[in-house]
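Report on the structure
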Amino acid sequence: MHRQNSASANTPDKPGQPATRLDWDDLRYILVVARAGSLSAAARVLKVTHSTVLRRIEAIEAKMEVRLFERLRTGYVCTEAGESLRHAAEQCEPLIAQAEREIMGGDTRLTGHVRVTTAHVVAMYLLPSALARFHALHSQIEVEVRTARERVDLARREADVAIRMSADVPDTLVGRQLGQVRIRVYGWHDAAYLAKLKSRMLLPLEALTRDFPWIGFDGQDRSYDRWVDAHVPSQVVVARADHFPSATALIKTGMGISILPEFVAQDVPGLRALSEPIPALQSPLWMLTHVDLRNTARVRAFMQIAGNALEAALK
């Protein structure tokens, strides 16, 4: 009589039958595609190629023998089966993230990765020197900087540290306020519109918004978008930018003036301040991490060293 060995007896998927067992990585791909609505957007979140996401979703569907997404012209939409797995993934996600944070929270090694999320303007003009300072002291820790318009969720381990220009700090995050981001009106030092100014004296906002060409913003619901829309007449707006770095590039052409953080001007010598800091646009800069990660050695070291460098740069 043939006796089946113990290894084959414990094998969940017999030859000729589909392998239907999913792991967390499968569920993670399903969840990200469902949230992103497209393969390209999901690939950016997962940090893989478009084709990798496509192959992975097709492999999961083949394994489950069910279609999980409808491929529409507007994007990927969950089928009923896909919606069920998305719901399961959303239930698993916080438990997985909590376990990862708890494990990482006890990590005393000064090696590995630290993932930092911040605004594009901070990453371009304020953060580089702080990263260089940190690297000089901890070259075995790799820092990954991610810029995104959408708010990154530290509870889901989308990043380890957040550097945010905001007065609103969630209760689940801990950290320190690094200083105040002050915003002024700036122009380019040799622009034609400055020729009539005989001195470097600052001008009142009323005159600046009335007598000069402006670089506006593209109407997103940010404090500085709202300020420009409320104070600058549309007839003096000659161009619009999507964020401060692109506004800076337009100012450098001599097209017009706009508002910028002071730390941008410190990094771009040709910018000329035309106003006092605008109180309504002043914002604290915070360095934050999840409460479960505050004792992780590499996170703690980054927040202390890079935080001190950023604090000094804002003074």
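Refer to the structure printed above.
Read on for an overview of the structure. (Residues numbered from 1 in each chain as written. Predicted model: local features only at pLDDT ≥ 70, side-chain atom pairs only at ≥ 80, totals over all residues. Heavy atoms only, no water.)

Before going further, it helps to spend a moment on the sheet that holds strand β3 (residues 112–118). Taken in spatial order, the five strands line up as β4-β3-β5-β12-β6 in an open sheet, and their pairing is mixed. The open sheet has two edge strands with one neighbour each: β4 (141–147) and β6 (173–181). Strand after strand, the sheet turns through a mean of 20 degrees between neighbouring axes, direction not considered. Sheet analysis places β3 next to β4, joined by seven bridges and oriented parallel. Bridge pairing links Gly112 to Ile141 in β4. Its contacts with the sheet place helix α6 (residues 120–137) against β3, β4, β5 (161–165) and β12 (283–290), and it is angled at close to 175 degrees to β4. Contacting β3, β4, β5, β6 and β12, helix α11 (residues 297–314) runs over the sheet at an angle of about 15 degrees to β6. (Pairing = 2+ DSSP bridges. Helix = DSSP H or I, 4+ residues; strand = E, 2+ residues; numbered from the N terminus. Axes fitted to C-alpha atoms, helices over the stretch in contact; angles between N-to-C directions. Contact = heavy atoms within 4.5 Å.)

Looking now at the nonpolar core. Counting residues in hydrophobic clusters, the biggest one holds 59 residues, and the most contacted among them are Trp214, Ile259, Phe263, Leu271 and Met287. Counting residues per element, this core draws most heavily on α11, at eight residues. Not counting chain neighbours up to four residues away, the residues in contact with Ile259 comprise Ile183, Arg184, Val185, Trp214, Phe217, Tyr224, Trp227, Val228, Phe244, Ile278 and Leu281. Counting residues in each nonpolar core, the second largest holds 20 residues, with Leu39, Ala43, Ile57 and Cys78 among its members. (Core = buried A, V, L, I, M, F, W, Y, C linked by side-chain atoms within 4.5 Å. Buried < 20%, exposed > 50% of the residue type's maximum accessible area, 1.4 Å probe, protein only.)

Moving on: α11. Given a rise of 1.5 Å per residue, 18 residues ought to cover 26 Å, and the 25 Å separating the end C-alpha atoms of α11 matches this to within 8%. Considering bend angle alone, the principal kink of α11 is centred on Gly307 and spans about 25 degrees. Of the residues making up α11, those classed as buried are Ala297, Arg298, Val299, Ala301, Phe302, Met303, Ile305, Ala306, Gly307, Leu310 and Leu314. (Expected span 1.5 Å × (residues − 1). Bend = angle between axes of the 7 residues up to and from the residue.)

A few words on the pattern of salt bridges. All told, the structure shown has 16 salt bridges when counted by the stated rule. Between Arg56 and Asp26 there is a salt bridge, and its shortest N-O distance comes to 3.3 Å. Of the two residues, Arg56 is situated in helix α4 (residues 50–64) and Asp26 in helix α2 (residues 24–36); the sequence distance between them amounts to 30 residues. Take Arg56: its relative accessible area is 22%, and that puts it in the partly exposed class. (Salt bridge = Lys/Arg side-chain N within 4 Å of Asp/Glu carboxyl O.)

Turning next to the sheet that holds strand β11 (residues 271–273). If you trace the three strands from one edge of the open sheet to the other, you get β10-β7-β11, paired in antiparallel fashion. Looking at which strands have only one partner, the edges of the open sheet turn out to be β10 (258–261) and β11. Each strand of the sheet is rotated relative to its neighbour by a mean of 55 degrees, with strand direction disregarded. Relative to β10, strand β7 (residues 183–188) runs antiparallel, the two being bridged by four bridges. Pairing of Arg184 across the sheet is with Leu260, part of β10.

Within the element layout of this structure, Phe212 appears in the loop between α7 (205–211) and β8 (214–217). Here the alpha-carbon distance between Phe212 and Gly187, two residues 25 residues apart in the chain, equals 9.7 Å. The residues contacting Phe212, other than those within four sequence positions of it, are Tyr193, Leu194, Lys196, Leu197, Leu203, Ala207, Val236 and Ile257.

The geometry of an aromatic ring pair comes down to the distance between the two centres and the angle between the two planes. Scanning the entire structure with this criterion turns up seven aromatic pairs. Aromatic pair Phe217 and Tyr224: ring centres 4.9 Å apart, planes at 70 degrees, arrangement edge-to-face. On the accessibility criterion, Phe217 (2% relative accessible area) is buried. Here the aromatic cluster, defined as three or more aromatic residues joined through ring pairs, consists of Phe217, Tyr224 and Phe244. For Arg56, the ring lying beneath its charged end belongs to Tyr29, and the centroid distance is 4.6 Å. (Phe/Tyr/Trp six-rings, centres within 6.5 Å; stacked < 30°, edge-to-face > 60°. Lys NZ or Arg CZ within 6 Å of the ring centre and 35° of its normal.)

What follows deals with the layout of surface pockets. Within this model, the second largest pocket holds a volume of roughly 740 Å³. In terms of lining, the second largest pocket is formed by 23 residues, of which the most central are Arg28, Val32, Val45, Arg156 and Glu158. For the lining of the second largest pocket, the elements supplying multiple residues, two or more each, are α2, α3 (39–46) and α5 (80–105). For the lining of the second largest pocket, the element with the most residues is α2, which contributes six residues. Of the residues that constitute the lining of the second largest pocket, the class distribution is 10 nonpolar, no polar and 13 charged. (1 Å grid on protein atoms, 1.4 Å probe; cavity = no way out; pocket = protein on both sides within 12 Å on 5 of 7 lines; lining within 4 Å. Points joined across faces, edges and corners; volume = space filled by probe spheres on them. Nonpolar A, V, L, I, M, F, W, Y, C, P; charged D, E, K, R; others polar.)

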